[in-house]
Amino acid sequence: MDNLKAIIEALIFVSDVPVTSSRIEGVLEDVKEKEISFAINDLIREYEERSGGIFLKEVAGGYQFRTGEAVGSWVQKLKGQKQASLSPAAMETLAVVAYRQPVMRSEVEKVRGVDISGTLRGLLEKNLIRIVGRKDVPGRPMIYGTTGKFLETFGLKTLSDLPTLREFKELGE
Amino acid sequence: MTAGAYEIKLDIFEGPLDLLLYLIRKNEVDIYDIPIALITRQYMKYIEAMKSLNLDLAGEYLVLAATLTHIKSRMLLPVSEEDEKEGDVDPREELVKQLLEYKTFKEAALGLDRMNILGRDVFGRDHAGEELEKEEQTLREIGIFELVEAFRRISLDIGQKDLMEIDAEKMSLSDRINDIVDELERRGELTFTDLLEDTGNRKRLIYTFLAILELVKLRIIKAYQAIPYGTIRICLARK
């Protein structure tokens, strides 16, 4: 297929969530997996080389177009509203869930030393974390983990793509 | 030291551990060798300040105040023979461990905040077009009763077919909850019937239904209906 790259580019362009390569394979029935991944990598490189306002990124197990960091403030201005970022408290709860998952609420509260019901609810509503099950102990407390939306929001391919706690420590110092 | 020497920036603390870390940093003392008397005194001053400002003082602050006082008193006591046998544990050890752990995650939170966050630093495509495509139906949110009624109808349809079946399938509610959330993430919206009909047997049907109720209760999903006894649509309750 000689316009393979163009097709893939269009498929990723129209999608609102990161497009997985298996979904692309599903659309392009007869094309080999390898050809598709070559084409995607080609596209990623082309956008990198062009170094324009848009980049193709691998996030949350799929591919997605996003604006470059350098133009972020201008896009912000166009959109008009100031995008609410997470509060420091919510970010702390999210960090504990992300690094300790699957984790119970009581474990997060022990680390943070405060009640986390408010931040937990906010993160659930924003779909950054989710309930992954219940622990088999008295009271059957719920256990939490991060979502695909979390990976998408922080631009991570997979959870193993998260910087290690040590890396954060070194950056902070 | 006078109270005036303290800058009161109470709202910036994310909790008692955060306040304690701040005091340790401010006094430039070693976290492994905290001068408990000094830090406890300053910590109490902050607590007093919060009280005098009529701030809603969270109970956790008081718990840590009690812990600090307890450690302080233990450090004043001479070490008894029993303690010595037990290996002479520093009464501060537990607190230091907790502080270090909290510090790690506080740094991680700051680290996450420095990353390029979608919707703040980088942006995806806006999908304004898709909003228009959505049917112009007015949907109303429904409650447990409608769900139960719909469940009753579907369970009647499935009937007693599997009455004799010996069910060896292992199933748990959390598995069904995860399956449903995954399915919704993939497909965006499902009907109640979609979810229940592919279940096949009665046990699975009941688990699925319980999972839906649990998810509605936790406000992870929302259920809508256009007309009474109409199709029930289920979607994730994200903003």
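In this text the structure is predicted, and so the values were computed from the model without any measurement. (Residues numbered from 1 in each chain as written. Chains lettered and ligands numbered in written order. Predicted model: local features only at pLDDT ≥ 70, side-chain atom pairs only at ≥ 80, totals over all residues. Heavy atoms only, no water.)

Attention now goes to the overall build of chain B. Counting its regular elements, chain B contains 10 helices and 4 strands. Taken from the N to the C terminus, the helices and strands of chain B come in the order α-α-α-α-α-α-β-α-α-β-α-α-β-β. Classification of the 239 residues of chain B by burial places 40% in the buried group. Of the contacts formed within chain B by residues at least 6 apart in sequence, a portion of 67% connects residues at least 24 apart. Carbon and sulfur atoms make up 53% of the accessible area of chain B, which amounts to about 14,600 Å² in all. (Helix = DSSP H or I, 4+ residues; strand = E, 2+ residues; numbered from the N terminus. Buried < 20%, exposed > 50% of the residue type's maximum accessible area, 1.4 Å probe, protein only. Contact = heavy atoms within 4.5 Å. Areas by Shrake-Rupley, 256 points an atom, 1.4 Å probe, with all protein chains shown as cover.)

Let us look at helix α8 (residues 173–187) of chain B. Taking 1.5 Å per residue, 15 residues should reach 21 Å; α8 of chain B reaches 21 Å between its end C-alpha atoms and fits that length. Restricting attention to buried positions, one finds in α8 of chain B the residues Leu-173, Ser-174, Arg-176, Ile-177, Asn-178, Ile-180, Val-181 and Leu-184 of chain B. Where α8 of chain B is buried, its residues meet β4 (129–134) of chain A together with β2 (189–191), α9 (192–197), α10 (202–217), β3 (221–225) and β4 (232–236) of chain B. Following α8 of chain B by one or two positions, Gly-188 of chain B adopts a phi angle in the positive range, close to 85°. (Expected span 1.5 Å × (residues − 1).)

What follows is about unusual backbone geometry. Residue and element names in this part refer to chain A. The residue after Gln-101, namely Pro-102, is reached through a cis peptide bond having omega -5°. By the element assignment, Pro-102 lies in the loop between α5 (88–100) and β3 (103–104). At Ala-60, a position not held by glycine, the phi torsion is positive, near 45°. By the element assignment, Ala-60 lies in the loop between β1 (54–59) and β2 (62–67).

Running from N to C, α5 of chain A and helix α5 (residues 93–114) of chain B cross one another at 105°; their axes reach a closest spacing of 8 Å. As judged from the angle between their axes, α5 of chain A and α5 of chain B are roughly perpendicular. For the pair formed by α5 of chain A and α5 of chain B, the contact residues are Met-91, Glu-92, Ala-95, Val-96, Tyr-99 and Arg-100 of chain A on the first element and Glu-101, Tyr-102, Phe-105, Lys-106, Ala-108, Ala-109, Leu-112 and Asp-113 of chain B on the second. (Axes fitted to C-alpha atoms, helices over the stretch in contact; angles between N-to-C directions. Parallel < 35°, antiparallel > 145°, perpendicular 65-115°, else oblique.)

As a further point, take the interface of chain B and chain A. You'll often see interface size given as the accessible area lost when the parts meet. Contact with chain B, which involves 43 residues of that partner, is made by 50 residues of chain A. Buried surface at the junction of chain B and chain A, summed over both partners, amounts to about 4,400 Å²; 57% is from carbon and sulfur atoms. When the buried area of chain B at its contact with chain A is split by residue, Phe-105, Leu-112 and Phe-123 of chain B rank highest and sum to 17% of it. Counting the contacts that link chain B with chain A gives 3 salt bridges. Taken together, chain B and chain A are joined by 12 residue pairs in polar contact (both at pLDDT 80 or more). When contributions to the side of chain B that touches chain A are tallied by element, the ones reaching two or more residues are α1 (16–26), α5 and α8 of chain B. (Buried area = accessible area lost by both parts, 1.4 Å probe. Salt bridge = Lys/Arg side-chain N within 4 Å of Asp/Glu carboxyl O. Polar contact = N/O pair within 3.5 Å; in protein donor to acceptor, adjacent residues only side chain to side chain.)

Further remarks concern the sheet that holds β4 of chain A. The strand order across the open sheet built from 3 strands is β3-β5-β4 (chain A), with neighbouring strands paired in antiparallel fashion. The open sheet has two edge strands, β3 and β4 of chain A, and neither has a second partner. (Pairing = 2+ DSSP bridges.)

Bringing the packing of aromatic side chains into the picture now. Residue and element names in this part refer to chain B. Counted by the stated rule, this structure contains 8 aromatic pairs over all chains. Summarising the aromatic geometry, the rings of Phe-13 and Tyr-46 are spaced 6.0 Å apart at their centres and angled 90° between planes, so their arrangement reads as edge-to-face. Of this pair, Phe-13 sits in the segment before α1 while Tyr-46 sits in helix α2 (residues 36–52), and the two are 33 residues apart along the sequence. An identical accessibility class is assigned to Phe-13 and Tyr-46; each is buried. On the basis of an interplanar angle of 80° and a centroid distance of 6.3 Å, the ring pair of Phe-192 and Phe-209 is categorised as edge-to-face. Remark: Phe-209 occurs in helix α10 and Phe-192 occurs in helix α9; sequence separation between them is 17 residues. (Phe/Tyr/Trp six-rings, centres within 6.5 Å; stacked < 30°, edge-to-face > 60°.)

Time to look at helix α6 (residues 105–112) of chain A. Among the residues of α6 of chain A, Val-108, Val-111 and Arg-112 of chain A are the ones counted as buried. Projected down its long axis, α6 of chain A shows its buried positions confined to an angular sector of 90°, all on one face. Turning to α6 of chain A, the residues buried within the fold contact α5, β3 and α7 (117–125) of chain A together with α1 and α5 of chain B. Gly-113 of chain A, located one to two residues past α6 of chain A, shows a positive phi value of around 75°. (Arc of directions from axis to C-beta.)

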